[in-house]
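Coordinate inspection notes
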Amino acid sequence: MLFNSQEFLWLFFGTFLLYYLPFFSSYQVKILILSSFFFYAYGQPVLLALLLFSITMNAYISYVIANHEGVKRKFLSTMGVVANLVVIVFFKYSGMLTHTFGFEDSGIGHFLMMLPLPLGISFFTFEGITLVVDVYKGHYGDSKNFSQKGFKDHLSKTMLFVSFFPHLIAGPILKANEFYPQIVSKKWSGIHWEKAFRQLVVGYFLKVVVADNLKDYTYWIDYPNFMLLSTTSLLVMLFGYSMQIFSDFAGYSLIALGLATLFGYELKGNFNFPYISTSFGEFWRRWHISLSTFLKEYLYFPLGGNRKGKLRTYFNLFVTMFLGGLWHGAAWSYAVWGTAHGLFLALERLKNDYLPTSKIPFVQFMGGILVFTGVTFAWLLFKLPDFSHAVLYLQNLSANIRFETTYDQLKSIGSITVYSFPVVAYHVRYLLCEKEFYQKVKKIEWVLFGLMLLLIFVNAGTKADFIYFQF
Amino acid sequence: MIKKSLIAFFLFFLLLEGFLRKDLLNDEWLRSGQNNWSINILNSQNYLYKYDLAHFNCMIGSSISARFNIVKEMFPPEIFMLPFNGLSVHDGLNILYRKERLPDTLFVETNVLDRPANAEFASTIGSNKWEEKLKYYVSSLREAHGPLDLASQVTTSAIIVFRNKFGFLGGDLPNKAAMDMVREIEVEKQNQERKKQSQDKTFTHKANDLENEFWSQMDNLHQKGVVIVLFNMPVDCRNEKSETYYNNLYAKAKSKGFLVFDRVHCQDYATTDGTHLSGKEIERYAHFFLAQRAKLNGSAVLN
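Conventions used here
Residues numbered from 1 in each chain as written. Chains lettered and ligands numbered in written order. Predicted model: local features only at pLDDT ≥ 70, side-chain atom pairs only at ≥ 80, totals over all residues. Heavy atoms only, no water. Helix = DSSP H or I, 4+ residues; strand = E, 2+ residues; numbered from the N terminus. Buried < 20%, exposed > 50% of the residue type's maximum accessible area, 1.4 Å probe, protein only. Contact = heavy atoms within 4.5 Å. Pairing = 2+ DSSP bridges. Axes fitted to C-alpha atoms, helices over the stretch in contact; angles between N-to-C directions. Phe/Tyr/Trp six-rings, centres within 6.5 Å; stacked < 30°, edge-to-face > 60°. Lys NZ or Arg CZ within 6 Å of the ring centre and 35° of its normal. Domains from an automatic or database assignment. Buried area = accessible area lost by both parts, 1.4 Å probe. Salt bridge = Lys/Arg side-chain N within 4 Å of Asp/Glu carboxyl O. Polar contact = N/O pair within 3.5 Å; in protein donor to acceptor, adjacent residues only side chain to side chain. Nonpolar A, V, L, I, M, F, W, Y, C, P; charged D, E, K, R; others polar.

Moving on, we get to the overall build of chain A. On a plain count of helices and strands, chain A comes out with 20 helices and zero strands. Overall, chain A is about 70 × 55 × 50 Å in size when its C-alpha atoms are taken along their principal axes. Across the 471 residues of chain A, 57% fall into the buried class. At a minimum sequence separation of 6, the contacts of chain A that also span at least 24 residues come to 77%.

Okay, structure coming up:
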């Protein structure tokens, strides 16, 4: 169910009204859980069983961990993490592994290749891991609450934590210790309307006006269309795709945050103006923050982080990003994408170990250009998951050096320029936020919000899935 | 802040609606769809909300007959072209029923009867009567009226001026080898899709259901006084359905009182990819089409 579909709007308004009716105030959690299950099951009802299995498993394991002490806790938490990994590997990667090892034609191979990819599996299994690990580490707060309030209460909280519909399918990845304390009775008077309004307007604008319109022009990147394009177009398309993927995902995340705000929950921001980053490290602190935080805390740190020497640090960065890449999709090209980022980060760390980071504005600006170029070229593997097609795209960059002559291609360049402008302006705004000029403009920002609202209604592109749904 | 934003929104909205109603913004400056999906949507909305002749005819079909749009100027204005790229006659029929008036004559391309209507397309045009009514009365809600597309047109014009001024940037069209390769890949994809469909028993079953639905729709329109004319585009030699299939189809149409254009063989016409007529050939076939129409007009059976 898309956030910009009619069926979602009905579901949302129905849930929202029931949620705040005084008569139903003691059923708020249950109302949200039921709506979330309906939201998830809408497309593929069968897969709800997997979600329920994952929730019950993680609730049970974390409950048992909280009620035990000593060595058994460690064993149980390890088993919990392994069980989550088995679920994700089985449903997400078995097809890829079968293909890699050439078992497609066998009976089992055929079965594995035909397995459906449950929506949001990468998100809800990771949340299961955070729950198990947080309870084990005692980050949950007072674990004794579990035994006092009983398993039923914990199960219902876990159901809401994992299935809460604003974030269920494409994040942000929540952390148990940040979400559970928020599960309390909510009041209509407690809604932070302005915050929700800002998040929803900017989110929908980025998704339906910017991303959905850009996709109508960046489709030329698909194989074999790109073979007819000139270098100019190939570069502009790539730039447009970089803007599209940001507005698509950041838009989704903002909508998720806005919806959660309306239900009285505060989710952490997932994006923080990533394209102004002047280093790859900074980029990953600003892009898909919930995933990079997860990878840092649950993978990079356990691997030793930067505490085991320089070489080991480079290796850890590399491995973390390789696995982070694979998390995005069941294709080796995603691993290559992650590896490329791992390489960028390791090289950057190596440079920083011997050369101090320059504070000269020009050097920082060039660093920003370098990071944006590296990140943008790496997105090519998202658009063209077949590695050979991506290589062919790069070859065409140098083979077709010319300017476009056809009107359609010139129109694509013109449209990409126009629809990318809001993303550029969004980032420039961040750079100017300290300036006096910006403070003056901020006073009339309602004009801008009025304009964004107008464009959401009259200039939306054709509906499309969120790019991150596939992960 | 929310109140002020909403007031600004309503003011902008009224301003845009005013501009559109007074025809101060030329349609061609606004969204000129580039990909097939956008073109189909714009075409449908033009048919539903703008096309308003006292007597009119309509053509429905797939991308095969959508090639007629290349030579649109050859057709009289009373024939509205409603064949859709990537879709089929079933989508066209859905659009026909949304307009309050039915056409006097309906030209139906019969090459693709086994492709179901696209639900997403139908919902984009309007998923319920209310949405359709709203789009009918409020021009700015139609997909064809995006203000940012006006900005795109201006930017594109600026790029063209820039390119023309700095002639050294002007280059060649994509080289022929690349174009041939892309075409071959597309043909191969289509062939694989067809192969998959022919092996799929449920597909054959669905295709039969779709054909039955097609006939019942044609009967319905015929009963409502629409003159039905079937025609078959001369393409798809490699995957052409058997002669018997078309003979049966046309015999059935005649028995129901529908009209049919003479069939011409695909070997007599050149295509770009096996399925779509080339620019010159679509012009030649358009002459043939109009001659057939004139023949029927001469016998006074067409409106």
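Glancing now at the sheet that holds strand β3 (residues 105-109) of chain B. Residue and element names in this part refer to chain B. The strand order β2-β1-β3-β4-β5 describes an open sheet built from five strands, whose pairing is parallel. Here the strands that pair on one side only, and so sit at the sheet edges, are β2 (79-83) and β5 (259-260). Two elements, β3 and strand β4 (residues 227-231), share five bridges in a ladder whose sense is parallel. Its bridge partner lying in β4, T105 is registered against V227. Sheet strands touched by helix α2 (residues 36-49): β1 (57-61) and β2. Its angle to β2, the strand with the most contacts, is close to 140°. The sheet contacts of helix α4 (residues 89-98) involve β1, β2 and β3, and relative to β1 the element is tilted by about 145°.

Take the packing of aromatic side chains next. The full count for this structure, using the stated rule, is 86 aromatic pairs over all chains. On the numbers, 5.2 Å between centres and 65° between planes, the contact of F214 of chain B with W215 of chain B is edge-to-face. A residue is classified by how much of its surface remains accessible, and F214 of chain B, at 0% relative accessible area, is buried. Sitting over the face of the ring of W327 of chain A, K92 of chain A holds its NZ or CZ atom 5.5 Å from the ring centroid. Positioned above the aromatic ring of Y265 of chain A, the side-chain terminus of K186 of chain A is 4.2 Å from the ring centre.

Here we take up the pairing of β4 of chain B. In terms of burial, β4 of chain B is a largely internal element, five of the five residues being buried. A two-sided burial pattern is seen for β4 of chain B, the buried positions comprising V227, V229 and F231 of chain B on one face and I228 and L230 of chain B on the other.

With that settled, consider the domain arrangement of chain A. Residue and element names in this part refer to chain A. When cut into domains, chain A gives domain 1 (29-185) and domain 2 (193-279 + 357-470). Here the C-alpha centre of domain 2 lies 31 Å away from the C-alpha centre of domain 1. Tallying the contact residues gives 19 residues for domain 1 and 16 residues for domain 2. Carbon and sulfur atoms supply 68% of the area that domain 1 and domain 2 bury against each other, a total of about 1400 Å² over both sides. Counting across the domain 1 and domain 2 interface gives one salt bridge. Between E178 and K268 there is a salt bridge whose closest N-O contact spans 3.0 Å. Summed over the shared surface of domain 1 and domain 2, the result is three residue pairs in polar contact (both at pLDDT 80 or more). Those elements giving two or more residues to the side of domain 1 that touches domain 2 turn out to be α8 (165-168) and α9 (176-179). For the side of domain 1 that touches domain 2, the leading source of residues is α8, giving three residues. Looking at the side of domain 1 that touches domain 2 residue by residue, the classes come out as 15 nonpolar, three polar and one charged.

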